[in-house]
Every structure is written in C-alpha cells, then in structure tokens.
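An overview of the molecular structure
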Amino acid sequence: MSQDDRDTLRDEYDFSKGVRGKHYRAYRKGTNDVLLEPDVAAVFRDSASVNQALRTIAQLARQQAGDVAGR
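Fair warning: this is a prediction, and the values are worked out from it, not measured in the lab.

Before going further, it helps to spend a moment on the overall build of the chain. Regarding its fold elements, the chain presents three helices and zero strands. Going from N to C terminus, the chain has its helices and strands arranged as α-α-α. Per-residue burial for the chain yields a buried fraction of 1% across its 71 residues.

Dropping the structure here:
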C-alpha cells in the first residue's frame, strides 16, 4: 500500500449520518455560486447584503440605459 492509498480521514470527522446525493437534484439544475474576494467579503457579510447591492446596481444600470435611449 502506498502512502497515498492510506485512509487519512481524521477520527473527529463523522459521516455516519451523511446522505449520499442529498443535493444532487439542485446541482443538476445548475448553480450560480460566486466566490467573493476577501476585501469584498469583508464588506458584504451575507447573501442578503450582496443581493441588495446588486439589485441597486441593476436598477441604476436600467435607469442609465433608459436615459441614454431617451436622448
């Protein structure tokens, strides 16, 4: 048995109640996980704050596009 083949799972990890495929269907539908850089994550601590900021930016972008189209 090579060094890489040995079980390296620590004793404190307990997967006895794990469920195989628990999130399978959700991931099949697709995910849109986004990884934030540390400096951005320091400002936006949770999904709600990120979503609110993006909604505000999207609204401003739509308004800006409407202003440009109306000229």
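Here the narrative resumes.
Moving on to the environment of R45. Examined against the element boundaries, R45 turns out to sit in the loop between helix 2 (38–43) and helix 3 (47–69). Within the structure, the side chain of R45 is placed 3.4 Å from the backbone oxygen of A42, a separation counted as a polar contact.

So, on to the confidence of the model for the chain. Within the chain, residue pLDDT values average 87, and 89% of them lie at 70 or more. When mean pLDDT is taken per element in the chain, helix 2 scores highest with 95 and helix 1 (residues 24–29) scores lowest with 86.

Reading guide: rules and limits
- Residues numbered from 1 in each chain as written.
- Predicted model: local features only at pLDDT ≥ 70, side-chain atom pairs only at ≥ 80, totals over all residues.
- Heavy atoms only, no water.
- Helix = DSSP H or I, 4+ residues; strand = E, 2+ residues; numbered from the N terminus.
- Buried < 20%, exposed > 50% of the residue type's maximum accessible area, 1.4 Å probe, protein only.
- Polar contact = N/O pair within 3.5 Å; in protein donor to acceptor, adjacent residues only side chain to side chain.
- pLDDT = per-residue confidence, 0-100.

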